[in-house]
Amino acid sequence: MYVKPQILTLQAYKPGKPSEVVMREYGLDKVVKLASNENPFGCSPKVFEELRNVVSKFAIYPDGATEILSEKVANFLGVAPNQLIFGSGADEVIQMISRALLTKEHNIVQAALTFSQYSHHAVIEGAEVRSVPLVNGVHDLDEMLEQVDQNTKIVWICNPNNPTGTYINTRQLTAFLENVPSSTFVVVDEAYFEYVSASDYPKTISLLNKYENLVVLRTFSKAYGLASFRIGYGVANSKLIEEINIARLPFNTSMVAQVAAIASLEDQVFIQNCVQQNKKGMEQYTAFFDAYGIEYYPSQANFIYIPVSNSQEIFTRLEAKGYIIRAFPDGIRITIGTAAENEGLILHLKAILTDKSAIK
C-alpha cells in the first residue's frame with residue numbers, strides 16, 4: 001500500500017462517456033449530452049473576442065493573484081477583492097477549504113444526496129463524514145444541526161442542491177446560521193445561483209458581514225458556459241480567505257480562464273437570455289411529467305431530478321437513442337437543453353413509458 005488508507009475507500013471521479021464513444025458504441029450520427037448541467041447555449045460572444053487579444057501571451061504565467069478578475073468580481077458582488085479566492089472550478093475551492101481546515105479530529109456534516117466532492121475531500125483529510133438524508137429532496141437543516149458537535153469543522157449546504165435542484169430559503173438558512181457554533185464553517189455552494197427564481201432564496205453575500213463563519217461558492221462553469229476553462233470562486237471574510245489561500249497552488253487558474261471569466265461577467269444580457277431559455281425548457285419537462293403523473297422535484301437549477309427505482313434501465317435506453325443523462329441509485333437527473341433537445345428526449349421517455357417499462 002503506497003497511499004493513505006482512506007484513499008483506498010474512495011474512487012476517482014468518473015465523468016460520463018464522451019459523446020464520440022457513445023456514437024461509436026451505438027452507431028449513432030449524433031448524441032445529445034444532458035448529463036453534466038452544462039449551458040446548452042455556450043458562452044457569451046464577448047469571450048471569443050477577448051481571447052483573440054491574448055494569443056500572444058500563452059507563454060507567460062497567468063496572474064497568480066487574479067488581481068484584475070478579483071477586482072471585477074468584487075465590484076459585481078459588492079465585496080472587497082481580498083474576500084475572494086479563485087480555483088480551477090468551484091471543485092478546487094472545495095479541495096482548498098478541506099485541505100486548509102480539516103484534520104482527523106474533525107467531522108463534516110452534509111446532506112445525502114448531494115455533491116460528492118464534499119465528502120470525497122473530507123475522507124482524504126481523514127475527517128469523519130456525517131450525512132443526513134434529504135427530505136423530499138431538500139436539506140434537513142434541523143437534523144443537520146443535531147449532527148453538529150464541537151468537532152464539526154464544516155457544514156456543506158448545496159443550494160440549489162445538486163442533484164435534486166431543491167433549495168433552502170432565507171428563513172431556513174438564517175435560522176441555521178444563528179444556531180450553529182461560530183467555530184463551525186457553513187459553506188453554501190451556489191453553483192447554480194444564476195438560475196434561481198425563488199423570491200425567498202437567500203441573499204448570502206449580504207450575510208457575510210454578520211456571519212464570519214459563512215463561505216459562499218460560485219462558478220463560471222454553469223450559467224456562464226465556461227466549463228472547459230475551469231474557474232470558480234469562494235467568498236468569505238478576508239482573514240479566512242487569507243489563510244485558505246496558503247493551500248492554493250501557484251498559478252492555479254489560467255490566463256485564458258481569467259480573461260474569459262471577466263468577459264462573460266460583463267455580458268449579463270447573455271446570462272439573462274440563457275436563464276429565460278432554461279425556464280422555458282424546465283416548463284417543457286414539468287408539463288410532460290405532470291401530464292404523465294411522473295414524480296419530480298421542483299428545481300431552481302438548470303436540471304431536473306426524477307426519483308425512480310429503475311434509473312440505470314432508463315439511462316441505458318436513452319443512451320442507445322443518443323441522449324445521455326445522469327443516473328443515480330434512486331433517480332435520474334436531466335440537464336435542461338435547447339427546446340429541440342428537450343423535446344427529443346421527452347419523445348423517447350414517452351416511448352419508454354408505453355413500452356412496458358414505465359418509470360417506477
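Cut-offs and rules
Residues numbered from 1 in each chain as written. Predicted model: local features only at pLDDT ≥ 70, side-chain atom pairs only at ≥ 80, totals over all residues. Heavy atoms only, no water. Patch = residues over 30% accessible without salt bridge, like charges linked within 9 Å, V, L, I, M, F, W, Y side chains within 5 Å. Areas by Shrake-Rupley, 256 points an atom, 1.4 Å probe, with all protein chains shown as cover. Salt bridge = Lys/Arg side-chain N within 4 Å of Asp/Glu carboxyl O. Buried < 20%, exposed > 50% of the residue type's maximum accessible area, 1.4 Å probe, protein only. Helix = DSSP H or I, 4+ residues; strand = E, 2+ residues; numbered from the N terminus. Pairing = 2+ DSSP bridges. Right-handed = clockwise from strand over helix to strand, strands pointing away. Axes fitted to C-alpha atoms, helices over the stretch in contact; angles between N-to-C directions. Arc of directions from axis to C-beta. Contact = heavy atoms within 4.5 Å. UniProt positions renumbered as here; feature names shortened; annotations may be inferred.

## Remarks on a nonpolar patch on the surface
A surface patch of nonpolar side chains, about 410 Å² in accessible area, is lined by Tyr 2, Val 3 and Leu 8. The exposure class assigned to Leu 8 is exposed, which follows from its relative accessible area of 59%.

## Some thoughts on the pairing of strand β3 (residues 107-112)
Burial analysis of β3 places five of its six residues in the buried class, the great majority of the element. Sheet topology note: the β3/strand β4 (residues 128-133) ladder contains six bridges and is parallel. Opposite Asn 107, over in β4, you have Glu 128 as the bridge partner. Read as a crossover between parallel neighbours, the route from β3 over helix α5 (residues 117-124) to β4 is right-handed. Taken together, the three bridges between β3 and strand β5 (residues 152-158) define a ladder with parallel strand orientation. Bridged to Ile 108 within β5 is Ile 154.

## Some details on the sheet that holds strand β6 (residues 185-189)
Strands sit in the order β2-β8-β7-β6-β5-β3-β4 across an open sheet of seven strands; the sheet is mixed. Across the chains shown, the open sheet's two edge strands, defined by having one partner strand only, are β2 (84-87) and β4. Neighbour to neighbour, the strand axes of the sheet diverge by 20° on average, direction disregarded. As paired elements, β5 and β6 share five bridges and run parallel to each other. Its bridge partner being in β6, Ile 154 is matched across the sheet by Phe 185.

## Looking at helix α12 (residues 311-320)
Those residues of α12 that fall on the buried side of the exposure criterion are Ser 311, Ile 314, Phe 315, Leu 318 and Glu 319. Projected onto a plane normal to the axis of α12, the buried residues spread over an arc of 130° and lie on a single side. Lining the buried residues of α12 we find α1 (19-26), β10 (323-324), β11 (326-328), β12 (331-335) and α13 (339-353).

## A closer look at the UniProt feature "modified residue: N6-(pyridoxal phosphate)lysine" (unreviewed entry) in the protein chain
According to UniProt, the feature "modified residue: N6-(pyridoxal phosphate)lysine" (unreviewed entry) maps to Lys 222 in the numbering used here. What Lys 222 contacts, discounting residues up to four positions off in sequence, is Ser 36, Asn 37, Asn 39, Ala 191, Tyr 192 and Tyr 195.

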